[in-house]
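Secondary and tertiary structure notes
This is what each chain is made of:
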Amino acid sequence: GDSMDKPNTVTCTAPVNIAVIKYWGKRNEELILPINSSLSVTLHQDQLKTTTTVATSRSFQEDRIWLNGKEEDITHPRLQSCLREIRRLARKRRNDGDPALDSKGLSHKVHICSVNDFPTAAGLASSAAGFACLVYTLARVFAVEGELSGIARQGSGSACRSMYGGFVQWIMGQKDDGKDSLAQQVAPETHWPELRVLVLVASAERKPVGSTSGMQTSVQTSRLLKHRAESVVPGRMVEMIEAVQRKDFAAFAELTMKDSNQFHATCLDTYPPIFYLNSVSQQVIKLVHRYNRHYGETRLAYTFDAGPNAVIYTLQQHVPEFVQAVQHFFPPETNGGQFLKGLPVDGVA
Ligand code: 2P0
């Protein structure tokens, strides 16, 4: 067709984030409002990321989306929330009279193409990077600026934290409309350059209980979760932010391990119980504690999300020795070569 039919195309990437104070449980399912605040570290762009391309064209008949090469259902409610909110902001900016913008293209349909550079099935926070990237790319296409974590949150709760780099808190907020449930950077990625993240893949299988339904059951049945949200996490958020600001690795690591353990305790307290950790996860937990005890200081921290794969936080100077210890205690041949797969040892945080 003529030049008006040429698609307008934008490509962006967004990294995964790994929580050290865990999000688990919603007070509003539709708006995705959590029962507690959380805090995470966003990984570098060169590892564990999603790449999304959004094209708009007058000639597109309908909105469409492809994930890792396969067309998916665009009517998914969370996808629709993100599209609707970005288009609402775009319309508002034009109505408010930004002279740099014209309204051509606002009614155009989008084609979205999104790929992960890590296995979606491995339970490595793919929805966080995915929705963060989708919202950021849509915003660029429609020339929307400003606070976008509230929109990413409506795609997937943890996605709001991937809208910022470095150390990021998701403040739970108090309002019923969710306007104050937003992500905020606690410290930039340059703040703690020695910090490293290692991912130990214990299983690449898809997790049996998804986060969304798992946390629903936990909210309905676990009194421990209620106690955690009301009486434990608020104090831990304050302590964790202080530990990050002081770059106090021992304090950071101990809070991280305790919070992972309490999250998995609430999974066990859920009825029927949810088991995310397996025997390899338990061996990693024991190895980390034995390692720290051996050196007489806390050099390593583990954390586990809704699956058995361990994420290890450590400092740059301890990485070679820890990798050796892992290879000694978990020789690749006993694990079908699985164990050290996807090991990003460089430049994180
Ligand atoms: C977290 N997780 O803070 C926690 C720790 C898993 C364990 O955020 O329903 O995929 O899309 O809001 O964000 C996983 O939950 O759930 C998660 P939805 P999400 O990283």
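A quick note: this is a predicted structure, and the numbers were derived from the prediction, not measured. Note that residues are indexed from 1 along each chain, following the sequence as it is written. Per-residue local features of the predicted model are confined to residues with pLDDT of at least 70, and side-chain atom pairs are confined, for both listing and counting, to 80 or more; whole-chain, interface and lining totals are unaffected and use all residues. Calculation of side-chain values draws on the structure's entire complement of heavy atoms; hydrogens and water are dropped beforehand.

1. Regarding the packing of aromatic side chains
What counts here: Note on aromatic pairs: the rings of Phe, Tyr and Trp (six-membered ring only in Trp) are paired at centre separations within 6.5 Å, and the planes decide the class, stacked below 30 degrees, edge-to-face beyond 60, tilted for the rest. In this description a helix means any DSSP run of H or I spanning at least four residues, a strand means any run of E spanning at least two, and both kinds are numbered starting from the N terminus. Throughout this description, buried means an accessible area under 20% of the type-specific maximum (1.4 Å probe, protein chains only), exposed means over 50%, and partly exposed covers the range between.
Counted by the stated rule, this structure contains 12 aromatic pairs. On the numbers, 4.8 Å between centres and 55° between planes, the contact of Trp24 with Phe263 is tilted. Linking Trp24 in the loop between β2 (17-21) and β3 (26-28) with Phe263 in helix α6 (residues 249-269), this pair joins segments that are 239 residues apart in sequence. Of the residues examined, Trp24 reaches a relative accessible area of 3% and is grouped as buried. By relative accessible area, Phe263 is classed as buried at 2%. When the centroid spacing of 5.9 Å and the interplanar angle of 45° are considered together, the rings of Tyr302 and Phe304 count as tilted. Classification of Phe304 by relative accessible area gives buried; the value is 0%. By way of ring pairs, the aromatic residues Phe167, Trp192, Phe249, Phe252 and Tyr313 are connected into one cluster.

2. Thoughts on the site of the ligand
Going by this rule: Being near a molecule or strand, for a residue, means having at least one of its heavy atoms within 4 Å of it. As used in this structure description, the phrase polar contact means that two N or O atoms lie within 3.5 Å; if the pair is within protein, one of them must be able to donate a hydrogen and the other to accept it, and residues adjacent in sequence are counted only when both atoms belong to side chains. Reported accessibility uses the Shrake-Rupley method at a 1.4 Å probe radius. Residues are deemed covered only where the shown protein chains occlude them. Amino acids outside the nonpolar list (Ala, Val, Leu, Ile, Met, Phe, Trp, Tyr, Cys, Pro) and the charged list (Asp, Glu, Lys, Arg) are all regarded as polar, and Gly is one of them. Boundaries of every domain are those given by an automatic assignment or by a domain database.
Taken together, 17 residues lie near the ligand, and Tyr23, Lys26, Arg78, Ser156 and Ser158 sit nearest. Between the ligand and Ser156, the relevant distance is 2.6 Å, taken from an oxygen atom to a side-chain nitrogen or oxygen of the residue. For the ligand, whose accessible area on its own is 470 Å², the fraction buried by protein is 93%. The biggest single contributor to the shell around the ligand is helix α4 (residues 211-221), with three residues. Grouping the amino acids of the shell around the ligand by side-chain chemistry returns six nonpolar, six polar and five charged. Counting contributing residues, the shell around the ligand receives three or more from each of domain 1 (3-187) and domain 2 (195-335).

3. Overview of the confidence of the model for the protein
As a reminder of what qualifies: You can read pLDDT as the predictor saying how much it trusts each residue, on a scale of 0 to 100. The contact definition used throughout considers only heavy atoms, calling two residues in contact when any of these lie within 4.5 Å.
Predicted confidence across the protein gives a mean pLDDT of 90, with 90% of residues reaching 70 or more. Here residues 335-349 is modelled with pLDDT under 50, and outside its nearest four sequence neighbours on either side it reaches 47 contacts, counting other chains as well.

4. Describing the environment of Ala128
With respect to the secondary-structure elements, Ala128 resides in helix α2 (residues 126-141). Residue Ala128 is classed as buried on the basis of its relative accessible area of 1%. Residues Ala128 and Pro15, 113 residues apart in the sequence, show an inter-C-alpha distance of 8.2 Å. Leaving out residues up to four positions away in the same chain, Ala128 has contacts with Asn17, Ser158, Ala159 and Ser162.

5. Some remarks on the pattern of salt bridges
Heads up, the condition is: Here, a salt bridge means any side-chain nitrogen of Lys or Arg that lies within 4 Å of a carboxyl oxygen of Asp or Glu.
This structure, assessed with the given rule, holds 16 salt bridges. Its salt-bridge partner being Glu72, residue Lys70 comes within 3.6 Å of it at the nearest N-O pair. Glu72 gets classed as partly exposed once you look at its relative accessible area, which sits at 31%. Note that Glu297 is salt-bridged to Arg299, the shortest N-O span being 2.7 Å. Owing to a relative accessible area of 16%, Arg299 belongs among the buried residues under this scheme. Salt bridges sharing common partners tie together Arg84, Glu85 and Arg88.

6. Some words on the sheet that holds strand β6 (residues 49-57)
Two pairing modes exist for strands in a sheet, parallel and antiparallel, and in both the strands are linked by backbone hydrogen bonds. Quick reminder of the rule: The rule for pairing is simple: two strands pair if DSSP sees at least two bridges between them. A fitted line through C-alpha atoms serves as each axis, taken over the contacting stretch for helices, and the angle formed by two N-to-C directions is quoted from 0 to 180°.
Strand order across the open sheet formed by five strands is β1-β6-β9-β7-β8, with mixed pairing between neighbours. Two strands in the sheet have a free side with no partner beyond their single neighbour: β1 (8-15) and β8 (70-72). Adjacent strand axes in the sheet meet at a mean angle of 20°, parallel and antiparallel pairs treated alike. As paired strands, strand β7 (residues 64-67) and strand β9 (residues 109-116) are joined by four bridges and run parallel to one another.

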